[in-house]
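Each chain, written out:
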Amino acid sequence: MQLSEIYEPIQEDLVKVEEWLKITSKVEFHRLSELLGYSLEDGGKRIRPGLTLLSGKLYSYDISSLLPMAAAVELMHTSTLVHDDAIDNSSVRRSRPTINKMWGEDKAVLLGDYMFAKAGELATETQNLQVVKLFSQTLMIISSGQLVESFDAFNPEQTREHYLERISSKTASLFSLATESGAVLSQAPEEAVKVLKEYGYNLGIAFQVVDDILDFIGSEEEMGKPIGSDLAQGTLTLPAMLLLERYPQDNPVKRLFQDRSKQENIKLAIESVRNSSIIPDCYKLASDYCATACHNLEQLPDKPTRQTLIELAHYIVRRKR
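It should be emphasised that the depicted structure is a prediction, and the values quoted were computed from it without experimental measurement.

Rules behind the numbers
Residues numbered from 1 in each chain as written. Predicted model: local features only at pLDDT ≥ 70, side-chain atom pairs only at ≥ 80, totals over all residues. Heavy atoms only, no water. 1 Å grid on protein atoms, 1.4 Å probe; cavity = no way out; pocket = protein on both sides within 12 Å on 5 of 7 lines; lining within 4 Å. Points joined across faces, edges and corners; volume = space filled by probe spheres on them. Helix = DSSP H or I, 4+ residues; strand = E, 2+ residues; numbered from the N terminus. Nonpolar A, V, L, I, M, F, W, Y, C, P; charged D, E, K, R; others polar. Core = buried A, V, L, I, M, F, W, Y, C linked by side-chain atoms within 4.5 Å. Buried < 20%, exposed > 50% of the residue type's maximum accessible area, 1.4 Å probe, protein only. Contact = heavy atoms within 4.5 Å. Expected span 1.5 Å × (residues − 1). Polar contact = N/O pair within 3.5 Å; in protein donor to acceptor, adjacent residues only side chain to side chain. Phe/Tyr/Trp six-rings, centres within 6.5 Å; stacked < 30°, edge-to-face > 60°. Lys NZ or Arg CZ within 6 Å of the ring centre and 35° of its normal. Axes fitted to C-alpha atoms, helices over the stretch in contact; angles between N-to-C directions. Parallel < 35°, antiparallel > 145°, perpendicular 65-115°, else oblique. Left-handed = near helix turned anticlockwise from the far one by under 90°. Arc of directions from axis to C-beta.

Peer 1: Is there a simple way to explain empty space enclosed by the protein in this structure?
Peer 2: Think of a ball as big as a water molecule: rolled over the atoms, this probe shows where empty space is left. What the rule picks out here adds up to two cavities of 30 Å³ or more. Taken as a whole, the largest cavity holds about 190 Å³ of empty space. Ser39, Asp85, Arg93, Arg96 and Ile99 are the residues nearest the centre of the largest cavity, which is lined by 15 residues in total. For the lining of the largest cavity, the elements supplying multiple residues, two or more each, are helix 3 (30-40), helix 5 (63-88), strand 2 (96-97) and helix 6 (99-103). By residue class, the composition of the lining of the largest cavity is six nonpolar, four polar and five charged. In this structure, the second largest cavity encloses a volume near 30 Å³.

Listed below in structure tokens is the structure:
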């Protein structure tokens, strides 16, 4: 099933989320408006706002509060990408020059700060203190995860537990914000809120694992950025971690982390991962997290949206970008 088919129950409201985001980019300061418009015009898959709306569909669908929250979640996500690109000095994302490449690192950092603040303002439009608090807590978790990643750059002595903790903070926390806030705003019972929060968390882990796989097996055209970008930044993802575990002595990842200028080691690491059982093993882990995500959905109302959430989990594992 294609993502457009999965989104069919919420497609009209996703268009309204886009309208909210466009309004956000229209400010009096022309240069700021230009940067906001550039950041938001190529929005990717919109999975996070989609999750907010789908979670709300299971109970009392209050679009007046779900729309600003869905926009807030997507704006927070976009701001993390802007900051990540500035920190990593990345030049390309989604096949376009990054904000820091176009306007400079200082502008990118300030733009990301502005978008974080604007996202927080959108969250207050829900008039739900629980959701606003959850939004702020998630921002702290994401920031701490980015700090951990920065301090651990080019450190080969990381465990799978370190990896899972990092992607829990940087990716899964935002997915669970999307699903939990959607449940809260639809007045779901406490147990259902917990189920949807856990669904979002496990789906986020699976999403990041697949992202990390694609950084090794995808193409630059599909990914919209150079393959092996994480390795180039010294970020140890699951495929590289498994390569280190299986070949601890003569290993291109270890050589890369010792001498960061050796581009050929990135190529060798990619080839080694592709020519091993590492990719199937990583996909197995992603599939396991998706299965965990869907396991307790049977506790939720038997509505078509419940099956939609299952289809979205399947899509997460199958996607090519």
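Let's pick the thread back up.
Peer 1: Help me understand the nonpolar core in this model?
Peer 2: Considering soluble globular proteins, one finds that nonpolar side chains tend to be buried as a cluster. One finds Leu51, Tyr199, Leu203, Val209, Leu231, Val253 and Leu312 to be the most contacted residues of the largest nonpolar core, which totals 99 residues. Looking at this core, the element that brings in the most residues is helix 10 (residues 190-217), giving 14 residues. Apart from the residues within four sequence positions on either side, Val209 is in contact with Tyr163, Ile167, Leu238, Cys282, Leu285 and Ala286.

Peer 1: Explain helix 8 (residues 129-151) to me, please; I cannot follow it from the model alone.
Peer 2: Since there are 3.6 residues in each turn of an α-helix, residues three or four apart along the chain are aligned in direction. Between its terminal C-alpha atoms helix 8 stretches 33 Å, which fits the 33 Å expected from 23 residues at 1.5 Å a residue. For helix 8, the full list of buried residues reads Val131, Leu134, Phe135, Thr138, Ile142, Gly145, Gln146 and Glu149. Buried residues belonging to helix 8 abut helix 5, helix 7 (105-124) and helix 9 (160-185). With a side-chain oxygen positioned 3.1 Å from the backbone nitrogen of Gln130, the residue opening helix 8 is Asn128.

Peer 1: Help me understand the packing of aromatic side chains, please; the structure alone is not making it clear to me.
Peer 2: The way to describe two aromatic rings as a pair is by their centre distance and the angle between their planes. Enumeration according to the criterion identifies three aromatic pairs in this entry. When the ring of Phe154 is compared with that of Phe257, the centres are 5.4 Å apart and the planes differ by 75°; the resulting orientation is edge-to-face. Linking Phe154 in the loop between helix 8 and helix 9 with Phe257 in helix 14 (residues 252-258), this pair joins segments that are 103 residues apart in sequence. Take Phe154 and Phe257: they sit in the same class, and that class is buried. Where Phe175 meets Phe207, the ring centres are 5.2 Å apart and the plane angle is 45°; that geometry is what we call tilted. Placement of the pair is Phe175 in helix 9 and Phe207 in helix 10, with a sequence separation of 32 residues. The exposure class assigned to Phe175 is buried, which follows from its relative accessible area of 0%. In this structure, Arg48 packs its charged tip against the face of Phe207, placed 5.3 Å from the ring centre.

Peer 1: Would you mind going over the layout of surface pockets with me for this structure?
Peer 2: In this structure, the second largest pocket occupies an estimated 180 Å³ of space. Lining the second largest pocket, in full, are Leu134, Gln137, Thr138, Ile141, Ser168, Ser173, Ser176, Leu177, Glu180, Lys197, Glu198 and Tyr201. Elements that contribute at least two residues to the lining of the second largest pocket include exactly helix 8, helix 9 and helix 10. Of the residues assigned to the lining of the second largest pocket, the class counts are four nonpolar, five polar and three charged.

Peer 1: Teacher, can you tell me more about the environment of Arg166 here?
Peer 2: Mapped onto the elements, Arg166 comes out in helix 9. Under the relative-accessibility criterion, Arg166 is labelled buried at 5%. Considering only alpha carbons, one finds Arg166 and Tyr283, 117 residues apart in sequence, at a separation of 19 Å. Once residues within four sequence positions are removed from consideration, Arg166 is found in contact with Gly145, Glu149, Gln158, Thr235, Leu236 and Thr237. A polar side-chain atom of Arg166 sits 2.7 Å from the main-chain carbonyl oxygen of Leu236.

Peer 1: Honestly, the packing of helix 13 (residues 238-246) against helix 16 (residues 278-295) in this entry has me stumped. Any pointers?
Peer 2: Angle between the axes and distance between the axes are the two parameters that describe a pair of packed helices. At a closest axis distance of 10 Å, the pairing of helix 13 and helix 16 adopts a crossing angle of 125°. Taken together, the axes of helix 13 and helix 16 lie oblique to each other. For helix 13 against helix 16, the interelement crossing comes out right-handed. Every residue of helix 16 that contacts helix 13 at Leu238, Pro239, Leu242, Leu243 and Arg246 is listed here: Ile278, Asp281, Cys282 and Leu285. Class assignment of the residues belonging to the contact of helix 13 with helix 16 gives a composition of seven nonpolar, no polar and two charged.

Peer 1: What's the story with helix 15 (residues 263-274) in this structure? I'm lost.
Peer 2: When the terminal C-alpha atoms of helix 15 are compared, their 17 Å separation across 12 residues agrees well with the 16 Å that a helix rising 1.5 Å per residue should span. Listed as buried for helix 15 are Asn265, Ile266, Ala269, Ile270 and Val273. Angularly, the buried residues of helix 15 cover 140° about the axis, an arc narrow enough to put them on a single face. In this fold, the buried residues of helix 15 make contact with helix 10, helix 12 (229-232), helix 13, helix 14 and helix 16.

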